[in-house]
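Notes for the structure review
Here is what each chain is made of, one letter per residue.
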Amino acid sequence: MNPTLEQQLIRHIRADAWMLAILATVRDVALQDCWIGAGFVRNKIWDVLHGFARTPLNDIDVIYFDRSNTTKAKDQEIEARLKALHPTLNWSVKNQARMHLRNGQLPYASCEEAISYWPETATAIAVRLTTLDELAYCAPYGLEDLFLLIVKPTPNFDVNKYRDRIHKKSWQRRWHQLTVRTE
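Described in the following lines is the structure provided in the data block.

Procedures and definitions
Residues numbered from 1 in each chain as written. Predicted model: local features only at pLDDT ≥ 70, side-chain atom pairs only at ≥ 80, totals over all residues. Heavy atoms only, no water. Salt bridge = Lys/Arg side-chain N within 4 Å of Asp/Glu carboxyl O. Helix = DSSP H or I, 4+ residues; strand = E, 2+ residues; numbered from the N terminus. Buried < 20%, exposed > 50% of the residue type's maximum accessible area, 1.4 Å probe, protein only. Disulfide = S-S within 2.5 Å. Pairing = 2+ DSSP bridges. Axes fitted to C-alpha atoms, helices over the stretch in contact; angles between N-to-C directions. Phe/Tyr/Trp six-rings, centres within 6.5 Å; stacked < 30°, edge-to-face > 60°. Contact = heavy atoms within 4.5 Å. Polar contact = N/O pair within 3.5 Å; in protein donor to acceptor, adjacent residues only side chain to side chain.

Further remarks concern the pattern of salt bridges. This model, assessed by the stated rule, comprises ten salt bridges. The salt bridge partner of Glu-77 is Lys-74, with a shortest N-O separation of 3.4 Å. Linking Glu-77 with Lys-74, this pair stays in helix H4 (residues 72-85), spanning three residues, or about one helical turn. We classify Glu-77 as partly exposed; its relative accessible area is 41%. Connected via shared salt-bridge partners are Asp-16, Lys-44 and Arg-54.

If you want it as structure tokens, here you go:
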């Protein structure tokens, strides 16, 4: 890992009271191997690098790993708990111990492995606040692409689905400095 990028990531998130409050809320729900990722991290850094105010998020992607209960109902129960704490936020909670089924893959061993199957290297990043109020992150492909504003597929994601996703997202309209790679 690039220690300079790690320090920048932590500094930008620590400077954002809104993000810290969300991270603390999710931490206090006390889920196993729990993280917040995708647009929560990606958009923050892209906004900072473009000098923008916060880009609204479609949802807050909360992931955890618990083989003891892999039902969708459990995810919905957790979403309801989070919604009660922060009713204005759209929570999306997914137990990564079952997401391999949706994705047609072999079972994942952890959230880190599941994240490695996310679409883009700049999206395959998650953060959490520890019980000691330390900020931890998980980035199977590092932080370089995120900070260099490079969008490219992860090796584990279907490239055709990636291309469709990039087309639909149209991220370059908002973040004009992005370099989007199709392979």
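If you walk through the whole model with that rule in mind, you get zero disulfides. Not engaged in a disulfide, the cysteine Cys-34 finds its nearest cysteine sulfur in Cys-111; these two sulfurs lie 7.3 Å apart. Since its relative accessible area comes to 7%, Cys-34 is described here as buried.

Turning our eyes to something else, we now look at unusual backbone geometry. Of note in the backbone geometry, Ala-38 takes a positive phi value of approximately 60° without being a glycine. Its place among the elements puts Ala-38 in the loop between strand E1 (35-37) and helix H3 (39-50). Although it is not a glycine, Asp-133 adopts a positive phi angle of roughly 65°. Assignment of secondary structure puts Asp-133 in the loop between strand E4 (126-129) and strand E5 (135-138). Taking the relative accessible area as the measure of exposure, Asp-133 reaches 42% and is therefore partly exposed.

Spatially, five strands are ordered E3-E2-E1-E4-E5 in an open sheet, and the strand pairing comes out mixed. Edge strands, defined here as strands with exactly one partner in the open sheet, are strand E3 (91-95) and E5. Neighbour-to-neighbour, the strand axes of the sheet open up by a mean angle of 30°, direction not taken into account. Sheet topology places strand E2 (residues 60-64) next to E3; five bridges connect them, and they run parallel. Within E3, the position partnered with Val-62 by the bridge is Val-93.

Tallied over the full model, the rule gives four aromatic pairs. Residues Trp-46 and Trp-175 carry aromatic rings whose centres are separated by 5.0 Å and whose planes lie at 65° to one another, so their mutual orientation is edge-to-face. Here Trp-175 lies in the loop between helix H9 (171-174) and strand E7 (179-180) and Trp-46 lies in helix H3, a separation of 129 residues in the sequence. Among the residues examined, Trp-46 registers a relative accessible area of 0% and is labelled buried. Here a set of aromatic residues connected by ring pairs shows up, and it is made of Trp-46, Trp-171 and Trp-175.

Relative to the assigned elements, Ala-124 resides in the loop between helix H6 (111-115) and E4. In this structure the C-alpha to C-alpha distance between Ala-124 and Thr-154, which are 30 residues apart in sequence, comes to 8.1 Å. In contact with Ala-124, not counting residues within four places along its chain, are Ile-115, Trp-118, Cys-138, Ala-139, Pro-140, Tyr-141 and Thr-154.

Here we take up the side chain of Gln-96. Here Gln-96 shows up in the loop between E3 and helix H5 (99-103). Classification of Gln-96 by relative accessible area gives buried; the value is 5%.

What follows is about helix H8 (residues 159-169). The N-cap residue of H8 is Asp-158: its side-chain oxygen and the backbone nitrogen of Asn-160 are 3.0 Å apart. Phi turns positive, to about 50°, at Ser-170, one or two residues after H8.

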